[in-house]
Amino acid sequence: MTIALYPGSFDPVTNGHLDIATRAAALFEQLVIGVYDVPPKSLLFTTEERVELWRQAVAHLPNTRVEAYAGLTVEFARKVKAQVIVRGLRMSSDFEKEFEMALMNKKLAPDLEVVCLMTNLEYEFLSASLLKEVAQLGGCIQDLVPEHVAVALRRKFGSR
Ligand code: ADP
C-alpha cells in the first residue's frame, strides 16, 4: 500500500492546495496532509486552526487524514509510514525551491520519493500569501478557497 504525505504550512488551505490533495488522494491509497507546526514565518492561523480548516476541506475524501507535525518532514514521513512526499508546482520559481528541497530530503531519506503535481491552470497564480493580502483588503476570494475558509478569513480580518 502506498502512503503519501502532502506537507505544507497551509496558512490557510486554498483551492490550489485542495486540488493537489484531491488528485493525490486518487493516485495513492492513503494520503496524510501534514501541517507544519512551527514554520519559520509569521502565520495568520494557529496550527489547530490550519488543521481544522483542512479537515473540513477533505471530509469527503475517505482515504485522507490531516495531522500537525513539528521537526523534519522526512521524520514525520517515516512516522506515518509514507513512501512518497507530494508537492505542488505552480511556476518555475516553485520548481527551483522544490528541486533543492527534494535533493536535501533525498540525502536525508534516500528511500523517500518526491512526486510533484502540476497546478491546475485555474490556480497557477494562487498563493496563500497573496490570498491573505486580497482578503485583508476586502477583495473577492470566492473562487479561491472553500467557503468555510473564506468565512474564517473574514473573521480574522474582521470584515463582512
Ligand atoms: P510551504 O510548504 O512552502 O509553506 P504552502 O503551504 O503554501 O507552502 O504549500 C504547500 C505545497 O502546496 C507546496 O508544494 C506549494 O508549492 C503547493 N501549492 C501552493 N499553492 C498551490 C497552488 N495554487 N497550486 C498547486 N500547488 C500549490
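Keep in mind that what you see is a predicted model, and the values were worked out from it rather than measured. (Residues numbered from 1 in each chain as written. Predicted model: local features only at pLDDT ≥ 70, side-chain atom pairs only at ≥ 80, totals over all residues. Heavy atoms only, no water.)

**Q** What should I look at first to understand unusual backbone geometry in this one?
**A** As a rule of thumb, non-glycine residues mostly have phi less than zero, and peptide bonds are mostly trans rather than cis. Note the cis peptide between D11 and P12, where omega equals 0 degrees. Tracing the chain through its elements places P12 in the loop between β1 (3-8) and α1 (15-27). One non-glycine residue, F10, lies in positive phi territory at about 50 degrees. Looking at the element boundaries, F10 is found in the loop between β1 and α1. You can call F10 buried: its relative accessible area is 4%. At K81, a position not held by glycine, the phi torsion is positive, near 65 degrees. Relative to the elements of secondary structure, K81 occurs in the loop between α3 (73-79) and β4 (84-89). (Helix = DSSP H or I, 4+ residues; strand = E, 2+ residues; numbered from the N terminus. Buried < 20%, exposed > 50% of the residue type's maximum accessible area, 1.4 Å probe, protein only.)

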